[in-house]
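Architecture at a glance
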Amino acid sequence: MSAPARPPEGGAPSLGEDVAQRQEGTPVSAPARPPEGPPRAANHLNEPAWVRALLLAASLGFLALFLLLPLAAVFVEALKKGWELYAEALVEPDALAAIRLTLLIAAISVPLNLLLGVAAAWAITKFQFRGKQVLVTLIDLPFSVSPVVAGLIYVLLFGTHGWLGPFLQANDLKIVYAVPGVVLATLFVTFPFVARELIPLMQAQGSEEEQAALTLGASGWQMFRRVTLPNIKWGLLYGVILCNARAMGEFGAVSVVSGHVRGLTNTIPLHVEILYNEYAYQASFAVASVLALLALVTLILKSVVEWRSAKLVDGQAASEFPGTVPLHLKAAG
Amino acid sequence: MSSITTLGTLNPPRPRPRRAHRFGVLPGFGLSMGFTVFYLSLIVLIPLSTLLFKSATLSWDAFWAAVTAPRVLASYRLTFGAALLAALVNLVAGLAVAWTLVRYDFPGKKVVDALVDLPFALPTAVAGIALTALYASNGWMGSWLEPLGIKVAYTPVGVVVALIFIGLPFVVRTVQPVLEDAERELEEAAASLGASRLQTFVRVLLPTIMPALLTGFALAFARAVGEYGSVVFIAGNMPMVSEITPLLIITKLEQYDYAGAAAIALVMLLLAFVLLLVINLLQWWQARRGLGRGL
């Protein structure tokens, strides 16, 4: 419609105008955008002072009541009877066994899920195939399943009365109510963490760089190690941090399959539960405080990774997919 | 755009071998896809299918009886009721927190922002015993609430408190980015047209953040329905009163009623599917909205 009107009547002046406008436009429009950080808008765009004060007090009060208070309670209860008893609860053999088992489980399940995350994200973001959306939904599925159900399915599969129960018994193998069952349940609940973090990231990055590397003669492994890996390292780290926190802290699923054998199949969270149910409150909170410290370390690492990667991509990946819920929203326990 | 379409017409699908077209030039499709499907089947799909097969060992009547027994129905009421209440509280509180974090400036803001994720990072068992210690009659909160006649620990109220804790980050983290992206020009326009601050919020901002708000609500609700660790300590676990559905599954399992446990778990799994569908629809709505704004 507008096309015939413009070109015949002097393309040159309009071009000149364009350039002038652009040169002028940049400095003019720049200050119109508020600087980064909390926008300081004119008065009519702000709530009345009393509303702001009220909102601020209400939100911070709510967070203090529901987040800070329980966190503080863990440490206060743990140290109620002094440092000596605190340390005693931690070096007691059953506690040490629980810590060892938890570390072992994280050491098995995090690398496996890391491998899956990279493989799944690679297949999903770099190739076109039918049923991709179904695959993404299935990878997400463990987040929506109750941890108790996650434990139950392994009991149904490997328990004495389960599908493979007779076979396992005949061969003197034990999966449920033993360490392998705990590992399997942990694998299930931490399954999506790395994948869900990498899929939106790799989708946003596309595959031009990998294609360029191949054109330049890189082998598949070289391309992955020198192009893909550096690109996704922050997302990968983020996923691993969350996966690890969940693997070490999982309670519901593990509680169903572990059988609660002290010193053998008890993870740290299960040890906390046992002590608590035996009314050994102080010891229970002492062991729990180790997990609370782990949570705090997780939060700090997570924030550091977030700031680092925000500096790198400037929030590009996030804004390109307004519909995807970031992974940490789906982290469940 | 136009060059791509011309290229497409010049390049009919025939001459290109189908493999190359589908798999592109990058290597590793077979390996990564094969591993993903294998691992997914082994860890998730095959184990989950046991729920169906185990439930199928029951006749329809027995299945129905198992999932609608009075004690089971009472657990649904508590689980869904408490999850709904907690998600509603989180809807309001989460919006307020997201608003404060995006729009206001205060010392220690980064720390508060990081702390919002605490419920994701803190193992649920730890949250459970901490909340119980706080709200028990001799706890910091309990000793203060009890004289007022409010009992929290070992009652359904305790379940709601635990679920509020667990669900808090969902609403904050879904609403926060949308609020950050919201264009202030729209508020400017509303204000210049004479809208009060409240009118601007209700008629301009609220519609913008509504999909995110509902997504956060649905995520918090879905999470709360399946929650176990933080709830069992504070709930008191009295049958018919303060027994949540996941606990009932464990009880059935301990009584060697595998089929009964599988039947209830299947009901919860189906519900999880429905919620997943709702959440996907909400996200689709939000994505469409984001697209509309962009154009």
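With that settled, the discussion passes to the overall build of chain A. Within chain A one finds 15 helices and 0 strands. Burial analysis of chain A (333 residues in total) assigns 48% to the buried set. When contacts within chain A are restricted to residue pairs at least 6 apart in sequence, long-range pairs at least 24 apart make up 73% of them.

Glancing now at helix α5 (residues 132-144) of chain A. The first and last C-alpha atoms of α5 of chain A sit 19 Å apart over 13 residues, in line with the 18 Å expected at 1.5 Å per residue. Where α5 of chain A is concerned, the buried positions are K132, L135, V136, I139, D140, L141, P142, F143 and S144 of chain A.

Attention now goes to the interface of chain B and chain A. Every contact between the two is made by 99 residues of chain B and, on the other side, 99 residues of chain A. Sorting the residues of chain B by area buried against chain A places L26, Y39 and Y104 of chain B first, and these three jointly supply 8% of that buried surface. For the pair chain B and chain A, the number of links is 2 salt bridges. Measuring nitrogen to oxygen at the nearest pair gives 2.6 Å for the salt bridge that ties K302 of chain A to D117 of chain B. Linking chain B to chain A there are 10 residue pairs in polar contact (both at pLDDT 80 or more). Looking at the side of chain B that touches chain A, the element that brings in the most residues is helix α3 (residues 29-56) of chain B, giving 17 residues. Classifying every residue of the side of chain B that touches chain A gives 69 nonpolar, 16 polar and 14 charged.

In the Ramachandran plot, Y177 of chain A falls in the positive-phi region, its phi being about 60° despite a non-glycine side chain. In this fold, Y177 of chain A is placed in the loop between α7 (165-170) and α8 (179-190). For Y177 of chain A, a relative accessible area of 31% gives the class partly exposed. Residues other than glycine seldom take positive phi values, yet Y154 of chain B does so here, at roughly 65°. Here Y154 of chain B lies in the loop between α9 (142-145) and α10 (156-181). For Y154 of chain B, a relative accessible area of 43% gives the class partly exposed.

This paragraph deals with the packing of α5 of chain A against helix α9 (residues 193-205) of chain A. All names here are of chain A. Look at α5 against α9: their axes get within 9 Å of each other, and the N-to-C directions meet at 135°. One finds that α5 runs oblique with respect to α9. Considering the relative orientation of α5 and α9, their crossing is left-handed. In this structure, α5 contributes V136, I139, D140 and F143 to the contact, and α9 contributes F193, A195 and R196. Looking at the contact of α5 with α9 residue by residue, the classes come out as 5 nonpolar, no polar and 2 charged.

What follows concerns the packing of aromatic side chains. Counting across every chain of the model gives 25 aromatic pairs over all chains. Ring plane angle 80° and centroid distance 5.7 Å describe the contact between W83 of chain A and Y86 of chain A, whose orientation is recorded as edge-to-face. Here the residue W83 of chain A and the residue Y86 of chain A both occupy positions in helix α3 (residues 82-91), the gap between them amounting to 3 residues, near one helical turn. On the accessibility criterion, W83 of chain A (64% relative accessible area) is exposed. Geometrically, the ring pair formed by F127 of chain A and F29 of chain B is edge-to-face, given 4.8 Å between the ring centres and 65° between the ring planes. Pair noted here: F127 of chain A is in the loop between α4 (93-126) and α5 and F29 of chain B is in helix α3, and the two residues belong to different chains. Ring pairs connect the aromatic residues F251, Y276, Y279, Y281 and F285 of chain A together with Y228 and F233 of chain B, which therefore count as one cluster.

Moving on, we get to the side chain of S32 of chain B. Along the chain, S32 of chain B falls in helix α3. Taking the relative accessible area as the measure of exposure, S32 of chain B reaches 6% and is therefore buried. Separated by 2.7 Å, the side chain of S32 of chain B and the backbone oxygen of G28 of chain B make a polar contact. In this structure the side chain of S32 of chain B is engaged in a polar contact, spanning 3.3 Å, whose partner is the backbone oxygen of F29 of chain B. With near-sequence residues (within four places) excluded, S32 of chain B lies in contact with A119, W122 and A123 of chain A.

Our focus in this paragraph is the pattern of salt bridges. Following the criterion strictly, the structure yields 15 salt bridges over all chains and no others. Between K126 of chain A and E210 of chain A there is a salt bridge, and its shortest N-O distance comes to 3.3 Å. Remark: E210 of chain A occurs in helix α10 (residues 208-215) and K126 of chain A occurs in helix α4; sequence separation between them is 84 residues. Relative accessible area serves as the criterion here: at 10%, K126 of chain A is assigned to the buried category. Judged by relative accessible area, E210 of chain A falls into the buried class, the value being 3%. As a salt-bridge pair, D113 of chain B and R173 of chain B come within 2.8 Å of each other at their nearest N and O atoms. Placement of D113 of chain B in helix α6 (residues 109-115) and of R173 of chain B in helix α10 is noted, with a sequence separation of 60 residues between them. Here D113 of chain B falls in the partly exposed class, since its relative accessible area comes to 26%. Overlapping salt bridges, with partners in common, bring together E47 of chain A together with R103, R184, E187 and R197 of chain B in one network.

Residue and element names in this part refer to chain B. A cluster of acidic side chains, namely E180, D181, E183, E185 and E188, defines a negative patch on the protein surface. Secondary-structure elements contributing two or more residues to the negative patch are α10 and α11 (184-192). One can find D181 in helix α10. Since its relative accessible area comes to 47%, D181 is described here as partly exposed.

What follows concerns the confidence of the model for chain A. Residues and elements named next belong to chain A. Looking at chain A as a whole, its pLDDT mean stands at 81, while 80% of the residues score no less than 70. Scored below 50 in pLDDT, residues 1-40 makes 9 contacts in the model with residues more than four places away or belonging to other chains. Every residue in residues 315-333 is under pLDDT 50, and counting partners more than four places away or in other chains gives 56 contacts.

Note on helix geometry: an α-helix contains 3.6 residues per turn, so any two residues three or four positions apart are oriented the same way. Residues and elements named next belong to chain A. Relative to the 16 Å expected for 12 residues at 1.5 Å per residue, α8 spans 16 Å between its end C-alpha atoms, a close match to the ideal helical length. Counted residue by residue, α8 has 10 buried out of 12 residues, so it is predominantly covered. Among the residues of α8, G181, V182, V183, L184, A185, T186, L187, F188, V189 and T190 are the ones counted as buried.

Conventions adopted
Every chain begins its residue count from 1, and numbering advances along the sequence as written. The lettering of chains begins at A and the numbering of ligands begins at 1, in the order of writing. Only residues with pLDDT of 70 or above have their local features reported here, since the model is predicted, and side-chain atom pairs are shown and tallied only from 80 upward, although totals for entire chains, interfaces and linings are computed over all residues. Excluding hydrogens and water, the side-chain values take into account all heavy atoms of the structure. The way it works is that DSSP assigns letters per residue, a run of H or I at least four long becomes a helix, a run of E at least two long becomes a strand, and they are numbered from the N terminus. Working definition: with a 1.4 Å probe on protein chains only, accessible area under 20% of the residue-type maximum means buried, over 50% means exposed, and in between means partly exposed. Note on contacts: a residue pair qualifies if any of its non-hydrogen atoms lie within 4.5 Å across the two residues. The span you would expect from a helix comes to 1.5 Å times its residue count less one. By convention, the term buried area covers the 1.4 Å-probe accessible surface removed from two parts as they join, with the contributions of both added. Only one rule defines a salt bridge in this text: a Lys or Arg side-chain nitrogen within 4 Å of an Asp or Glu carboxyl oxygen. Any pair of N or O atoms that falls within 3.5 Å is considered a polar contact. Within protein, one atom must be able to donate a hydrogen and the other to accept it, and sequence-neighbouring residues count only if both atoms are side-chain atoms. Put simply, Ala, Val, Leu, Ile, Met, Phe, Trp, Tyr, Cys and Pro go in the nonpolar bin, Asp, Glu, Lys and Arg in the charged bin, and everything else, Gly too, in the polar bin. Throughout, an axis means a line fitted to C-alpha atoms (over the contacting stretch in the case of helices), and angles, computed between N-to-C directions, take values from 0 to 180 degrees. Any angle that falls under 35 degrees is termed roughly parallel, while one over 145 is termed roughly antiparallel, one within 65 to 115 roughly perpendicular, and all others oblique. What makes a crossing left-handed is the near helix being turned counterclockwise from the far one by less than a right angle; a clockwise turn instead makes it right-handed. Pairing of aromatic rings covers Phe, Tyr and the six-membered ring of Trp, with a centre-to-centre limit of 6.5 Å; geometry is then stacked below 30 degrees between planes, edge-to-face above 60, and tilted otherwise. Think of a patch as exposed residues, more than 30% relative accessible area, with no salt bridge, where like charges cluster within 9 Å and nonpolar side chains (Val, Leu, Ile, Met, Phe, Trp, Tyr) cluster within 5 Å. To be clear on the numbers: accessible area is Shrake-Rupley with a 1.4 Å probe, and residue cover counts the displayed protein chains and nothing else. The charge count treats Lys and Arg as positive and Asp and Glu as negative. His and the chain ends do not count. Where a charge lies is defined by one atom per residue type: Lys uses NZ, Arg uses CZ, Asp uses CG and Glu uses CD. pLDDT is a per-residue confidence score from the predictor, ranging from 0 to 100.

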